[in-house]
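Residue-level listing of the chains:
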Amino acid sequence: MNLTETPISSDTVYDGKLLHVLRDEVRLPNGGTSHREWIQHPGAAAVVPLYPDGSTVLIRQFRYGPRREFLEVPAGKLDRPEEPPEELAARELEEEVGLKAETFTRLGETYPCIGYSDEVIHLFLAEG
């Protein structure tokens, strides 16, 4: 069964420095139409630094939306569309916790907000 929704038109609702909010009209699989509001995001990379003893490093970050602190792995958004996510992961590891790694292994990617955003986070393991 085809579940694909095809864009018909798109209007920018908000165009910010980081996020772009759009309202699209889409054609549904059954031939009808509907609207989708979604956030366009440049993407990000996150890196899990792993020491030989199995320990890692987390950083404490305040996140404005939920208005609280979280423990997170080093991560950051892609500044340029052509920036390789592995380079971003290496840069964030050094900038946020002062570490450099010998190897970066791609762990995959995750879409943390699939109901309303195209954000993708590229995940890496850093060793050495």
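Here's a quick rundown of the structure. (Residues numbered from 1 in each chain as written. Predicted model: local features only at pLDDT ≥ 70, side-chain atom pairs only at ≥ 80, totals over all residues. Heavy atoms only, no water.)

1. What about the pairing of strand β2 (residues 20-27)?
Reasoning step 1: For strand β1 (residues 6-15) and β2, the ladder comprises eight bridges, and the chain directions are antiparallel. Counted as the bridge partner of D15 is H20 from β2.
Reasoning step 2: Here β1 hands over to β2 after four residues, the two strands then running antiparallel side by side.
Reasoning step 3: Looking at chain direction, β2 and strand β3 (residues 33-40) are connected through eight bridges and run antiparallel. Its bridge partner lying in β3, V26 is registered against S34.
Reasoning step 4: Joining the antiparallel neighbours β2 and β3 is a turn of five residues, in which G31 adopts a positive phi near 95°. (Pairing = 2+ DSSP bridges. Helix = DSSP H or I, 4+ residues; strand = E, 2+ residues; numbered from the N terminus.)

2. Remarks on the side chain of H122
Reasoning step 1: In this fold, H122 is placed in strand β9 (residues 121-127).
Reasoning step 2: For H122, a relative accessible area of 11% corresponds to the buried category. (Buried < 20%, exposed > 50% of the residue type's maximum accessible area, 1.4 Å probe, protein only.)

3. Quick look at unusual backbone geometry
Reasoning step 1: Of note, the phi angle at R67 is positive, near 60°, even though the residue is not glycine.
Reasoning step 2: Inspection of the secondary structure puts R67 in the loop between β5 (59-63) and β6 (68-72).

4. Re the pattern of salt bridges
Two side chains carrying opposite charge are able to pair once their charged atoms lie near each other.
Reasoning step 1: One pass over the full model with this rule turns up twelve salt bridges.
Reasoning step 2: Taking the shortest distance from any N to any O, the salt bridge between E83 and R91 comes out at 2.3 Å.
Reasoning step 3: Exposure remark for R91: the relative accessible area of 25% places this residue in the partly exposed category.
Reasoning step 4: A salt bridge links E109 to R106, with the shortest nitrogen-to-oxygen separation between them at 3.3 Å.
Reasoning step 5: Of the residues examined, E109 reaches a relative accessible area of 42% and is grouped as partly exposed.
Reasoning step 6: Connected through shared salt-bridge partners, K77, D79, E83, R91, E92 and E95 make up one network. (Salt bridge = Lys/Arg side-chain N within 4 Å of Asp/Glu carboxyl O.)

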